[in-house]
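Structural description and commentary
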Amino acid sequence: MKNVLITGGAGFIGSHLADNLYSTGKYKIRIIDNLSEKTHYGDWPNYLNENYELFYGDVSNYDDLKKALKDIDIVFHLAAELDLNPQYKRFIDINVGSTALVFELINEFKFKIKKVIIGSTQFVYGQGKWVSKNGNIFYPEKRDVDKSWDFTVGSEKLEYTKCTEDQKVNPPNHYALSKYFQEKFSLTIGKLNNIEVNVVRFSIILGPRQSIKNTYSGALRTFCYFSVMNKPYSTFEDNLSMRDFTNVYDAVEACRYVLEKGSPFECYNISNSNSITVKKLGKIISNIFNSKPIFSKKIEWRHGDIRHAVSCNDKLLKLGWKPKHNLHDLIKDYIDWFKLQDLDFDRFIKTQLEMRNNGQIRSK
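One structure accompanies this document, and this report is about it. Source: prediction; values computed, not measured.

1. A word on the overall build of the protein chain
Of the regular secondary structure elements, the protein chain holds 10 helices and 19 strands. What you see for the protein chain is a C-alpha radius of gyration of 20 Å, in line with the 21 Å of a compact globule of 364 residues. Projected onto its principal axes, the C-alpha coordinates of the protein chain cover approximately 55 × 50 × 40 Å. Burial analysis of the protein chain (364 residues in total) assigns 55% to the buried set. Intrachain contacts of the protein chain at a sequence separation of at least 6 include 82% that bridge at least 24 residues. Separation between the mean location of the 52 positive side-chain charges and that of the 43 negative ones in the protein chain comes to 4 Å.

2. A look at the pairing of strand S2 (residues 27-33)
In terms of burial, S2 is a largely internal element, six of the seven residues being buried. Pairing between strand S1 (residues 2-7) and S2: six bridges, direction parallel. Pairing of Thr-7 across the sheet is with Ile-32, part of S2. In terms of handedness, the path from S1 via helix H1 (residues 12-23) over to S2 forms a crossover that is right-handed. Bridge count between S2 and strand S3 (residues 53-56): four bridges; the pairing is parallel.

3. Digging into the packing of helix H2 (residues 62-69) against helix H3 (residues 88-109)
Two numbers describe how H2 lies on H3: the axes approach to 10 Å, and their chain directions differ by 60°. By the angle between their axes, H2 is oblique relative to H3. Two packed elements cross with a definite hand, and for H2 against H3 that hand is right-handed. Each of Tyr-62, Leu-65, Lys-66 and Leu-69 in H2 lies in contact with H3, whose residues at this interface are Ser-98, Leu-101, Val-102, Glu-104, Leu-105, Glu-108 and Phe-109. When the residues that make up the contact of H2 with H3 are grouped by side-chain class, the tally is seven nonpolar, one polar and three charged.

4. With respect to H3
For the α-helix, the turn length of 3.6 residues means that residues three or four positions removed from each other point alike. Counted at 1.5 Å a residue, the expected span for H3 with its 22 residues is 32 Å, and the 31 Å between its end C-alpha atoms agrees. Of all the bends in H3, the largest measures some 30° and sits at Gly-97. When we look at burial in H3, the residues that qualify are Phe-91, Ile-94, Asn-95, Val-96, Ser-98, Thr-99, Leu-101, Val-102, Phe-103, Leu-105 and Ile-106. For H3, the secondary structure elements touched by its buried residues are H2, strand S4 (74-77), strand S5 (115-121), helix H4 (174-192) and strand S11 (196-202).

Cut-off values and rules
- As a convention, each chain's residues are numbered from 1 in the sequence order in which they are written.
- The predicted origin of the model limits local features to residues at a pLDDT of at least 70 and limits the giving and counting of side-chain atom pairs to 80 or more, whereas totals for whole chains, interfaces and linings rest on all residues.
- As a rule here, side-chain values come from all non-hydrogen atoms in the structure, and water together with hydrogens is ignored.
- Under the DSSP-based scheme used, a helix requires at least four consecutive residues in state H or I and a strand at least two consecutive residues in state E, with every element numbered from the N terminus.
- The globule rule used here is 2.2 Å times the number of residues to the 0.38 power, and the radius of gyration it is set against is calculated over C-alpha atoms.
- Think of it in three bands: residues with accessible area under 20% of the maximum for their type are buried, residues over 50% are exposed, and the middle band is partly exposed, with areas taken using a 1.4 Å probe on protein chains only.
- Any two residues whose heavy atoms approach within 4.5 Å are treated as being in contact.
- Charge assignment: positive for Lys and Arg, negative for Asp and Glu; neither His nor the chain ends contribute.
- Working definition for charges: the position is that of NZ of Lys, CZ of Arg, CG of Asp or CD of Glu.
- What makes two strands pair is DSSP finding at least two bridges between them.
- With strands facing away from the observer, any crossover in which the path from the first strand over the helix to the second runs clockwise is taken as right-handed.
- Axes here refer to lines fitted to C-alpha atoms; in helices the fit is confined to the stretch in contact. Angles between the N-to-C directions go from 0 to 180 degrees.
- Orientation categories follow fixed angle ranges, with anything under 35 degrees roughly parallel, anything over 145 roughly antiparallel, 65 to 115 roughly perpendicular, and all other angles oblique.
- The sense of a crossing depends on the near helix, which, turned anticlockwise from the far helix by less than a right angle, makes the crossing left-handed and, turned clockwise, makes it right-handed.
- Any residue outside Ala, Val, Leu, Ile, Met, Phe, Trp, Tyr, Cys, Pro, Asp, Glu, Lys and Arg is labelled polar, Gly included; the first ten of those are nonpolar and the last four are charged.
- Helix span, as expected, comes to 1.5 Å for every residue beyond the first.
- The seven residues ending at a residue and the seven starting there each receive a fitted axis; the angle between those axes is the bend at that residue.

Function cannot be inferred from these measures alone, as they are strictly geometric.
Below, the structure written as structure tokens:
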């Protein structure tokens with residue numbers, strides 16, 4: 001059996017990944033997590049298997065991480081600073097700094113770690129690749145939201161294409177930049193020191209255990225809160241932004257495929273590669289709640305966000321992985337779980353106001 005360290009392993013994706021790997025009988029699981037107040041409630045969550053080795057600690061702390069890395073064969077580095085809060089230094093310190101520390105400690109103490117897998121994001125692609133009718137390719141950097149939500153050349157509206165691992169990356173904000181720096185650092189230092197590295201770029205992963213506290217949980221969590229509160233959903237842009245919402249069980253299975261079958265120093269999109277609009281997501285949620293989908297008349301957008309985010313998963317499919325869960329069941333499972341949680345409406349409302357006051361969410 002191989003010893004696996006999952007950083008941030010008490011969280012949403014990390015805990016499901018631990019369960020997936022452990023169920024094969026081939027891996028022993030060690031988790032390091034600082035149980036951040038942003039996500040957790042001060043103690044280890046009860047969904048963690050009693051056979052996991054739990055280390056309370058911070059991945060940016062030398063001694064904590066050194067202790068966690070001892071006798072490990074494989075590292076899944078998933079711990080990260082999320083969201084778009086404007087604490088720029090914090091994103092670099094945690095996302096890039098902790099990654100540098102992983103490789104520093106491996107080198108310093110000659111840990112016999114065979115592979116490091118970095119959890120990144122599809123948002124490193126930024127606005128992505130757009131194509132004109134005559135086949136010209138564009139990688140736009142920033143939208144003029146006062147003119148259009150989409151991208152145009154003259155009067156022609158460009159067509160968005162799914163993101164592939166070999167296309168140009170163009171991080172649009174500090175979070176995405178920190179994740180791309182993390183990728184580049186890991187791949188470069190891994191090659192330099194003969195440590196096998198893979199990068200997995202997650203699409204928007206959904207499912208049970210997704211923190212109802214963390215603002216990064218996004219549209220699904222937010223719309224569920226609004227449904228329970230019987231309030232209109234927020235209108236983001238024209239609600240026609242496309243996202244490839246992916247089931248967490250499919251996502252962690254994909255991570256295992258990358259671990260066991262992935263080629264060294266390659267990036268893999270973790271995505272079901274099927275997109276829906278935010279408007280469609282709202283309709284599905286409201287139907288499950290037996291209510292009518294009502295969107296706010298106030299038009300807002302997230303500062304630094306991108307128009308569409310849909311990743312091509314062909315490279316992952318070639319490893320033999322296939323998604324097994326459809327979107328409707330995914331959303332229903334999440335809502336069933338959501339209804340059982342201790343919902344903090346005051347905190348939710350406060351956070352919504354904070355995001356608007358600090359400029360994360362802006363309006364016309």
